[in-house]
Amino acid sequence: MAIPFKYLGVTIGSNPRRVVLWNPIIDKIKSRLSLWKGRMLSTAGRICLIKSVITALPLFYFSFFKAPKAVCNQIRKIQAKFLWGWGSNDRKIAWVKWSKVCCPVEAGGLGIKDIECFNDALLAKWKWRYRLMEKGLWAKVLNARYGNWRNLDATLTHRRQSAW
């Protein structure tokens, strides 16, 4: 079996810090948001599509890999462009600051997830699960490799080495 290869849709053996690994996900997001959807939907419909499609597509990758800043910025740009007027050739005005758009509805925002924070939260869930199940086989393997859960991110010795 040649490396890199795909397993359950995730590329194994490739460097997740490279933007090239994330290009299929970004292309899939762009293809799901065809031009007609942006023109035919109201603002509420576009918000609903952002929450259900753009945030959900990279979910599986986000739960395993730390996305590079460039990838998060590309996805954020797609979200903003779709929200403020997807499908038109001219540049649209962003009426609200993006940090305000990402606030919860109760705080006056639109409830759209900030991609970078969402990625960090999904990765933190692995550390939380590791703390709960320290007796499991996968926790023992991580203990043997990294020492303890606090060293999961701190022991990177080589830039091509896996973060976990």
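None of the values given here were measured: they were computed from a predicted structure.

**Student:** So, the pattern of salt bridges: which residues are in play, and what are the values?
**Tutor:** Across all of its chains, the model carries four salt bridges by this definition. Put simply, Asp-114 and Arg-76 hold a salt bridge, and the shortest N to O gap is 3.2 Å. Here the residue Asp-114 occupies a position in the loop between helix 6 (98-101) and helix 7 (115-132), and Arg-76 occupies one in helix 5 (residues 69-85), the gap between them amounting to 38 residues. In this structure Arg-76 comes out as buried when scored by relative accessible area, which is 19%. A salt bridge links Glu-116 to Arg-76, with the shortest nitrogen-to-oxygen separation between them at 3.5 Å. With a gap of 40 residues between them, Glu-116 in helix 7 and Arg-76 in helix 5 connect regions that are remote in the sequence. Each member of the pair, Glu-116 as well as Arg-76, is classed as buried.

**Student:** I'd love a proper account of the packing of aromatic side chains, names of residues and values included.
**Tutor:** Within this structure, the stated rule accounts for five aromatic pairs. Considering the side-chain rings of Phe-60 and Phe-64, the 5.1 Å spacing of their centres and the 80° angle between planes classify their relative orientation as edge-to-face. Of the residues examined, Phe-60 reaches a relative accessible area of 37% and is grouped as partly exposed. Arranged with centres 6.0 Å apart and planes meeting at 55°, the rings of Tyr-61 and Phe-65 form a pair that is tilted. For the residue pair Tyr-61 and Phe-65, the accessibility class agrees, reading buried in each case. A cation over an aromatic ring shows up here: Lys-113 above the ring of Phe-118, its NZ or CZ 5.1 Å from the ring centre.

**Student:** Describe the environment of Ser-42, and please don't skip the residues or the numbers.
**Tutor:** Along the chain, Ser-42 turns up in the loop between helix 2 (35-40) and helix 3 (43-54). Classification of Ser-42 as partly exposed rests on a relative accessible area of 45%. Sequence separation between Ser-42 and Gly-85 is 43 residues; the distance between their C-alpha atoms is 9.9 Å.

**Student:** Pulling in residues and values, what's your account of the packing of helix 3 against helix 5?
**Tutor:** Running from N to C, helix 3 and helix 5 cross one another at 160°; their axes reach a closest spacing of 9 Å. By the criterion of interaxial angle, the relationship of helix 3 to helix 5 is roughly antiparallel. Between helix 3 and helix 5 lies a crossing whose hand is right-handed. Taken together, the residues of helix 5 that come into contact with helix 3 (itself represented by Thr-43, Arg-46, Ile-47, Leu-49, Ile-50 and Ile-54) are Ile-75, Ile-78, Gln-79, Phe-82 and Leu-83.

**Student:** Please give an account of the nonpolar core that cites residues and values.
**Tutor:** Among the nonpolar cores identified, the biggest contains 30 residues, and Trp-22, Phe-62, Ile-75 and Leu-83 are the most heavily contacted of them. Broken down by secondary-structure element, the contributors of at least two residues to this core are helix 1 (19-32), helix 3, helix 4 (59-62), helix 5, helix 6 and helix 7. Element by element, the count of residues in this core is highest for helix 5, at seven residues. Each residue touching Trp-22, except ones within four places of it in the same chain, is listed here: Pro-16, Tyr-61, Phe-62, Phe-65, Lys-66, Ala-67, Pro-68 and Val-71.

**Student:** I'd like to hear about helix 7, residue by residue, with values.
**Tutor:** If you check helix 7, its first and last C-alpha atoms are 26 Å apart, about what 18 residues at 1.5 Å a residue would give, namely 26 Å. Burial in helix 7 covers these residues: Ile-115, Glu-116, Phe-118, Asn-119, Leu-122, Leu-123 and Tyr-130.

Definitions and limits used
Residues numbered from 1 in each chain as written. Predicted model: local features only at pLDDT ≥ 70, side-chain atom pairs only at ≥ 80, totals over all residues. Heavy atoms only, no water. Salt bridge = Lys/Arg side-chain N within 4 Å of Asp/Glu carboxyl O. Helix = DSSP H or I, 4+ residues; strand = E, 2+ residues; numbered from the N terminus. Buried < 20%, exposed > 50% of the residue type's maximum accessible area, 1.4 Å probe, protein only. Phe/Tyr/Trp six-rings, centres within 6.5 Å; stacked < 30°, edge-to-face > 60°. Lys NZ or Arg CZ within 6 Å of the ring centre and 35° of its normal. Axes fitted to C-alpha atoms, helices over the stretch in contact; angles between N-to-C directions. Parallel < 35°, antiparallel > 145°, perpendicular 65-115°, else oblique. Left-handed = near helix turned anticlockwise from the far one by under 90°. Contact = heavy atoms within 4.5 Å. Core = buried A, V, L, I, M, F, W, Y, C linked by side-chain atoms within 4.5 Å. Expected span 1.5 Å × (residues − 1).

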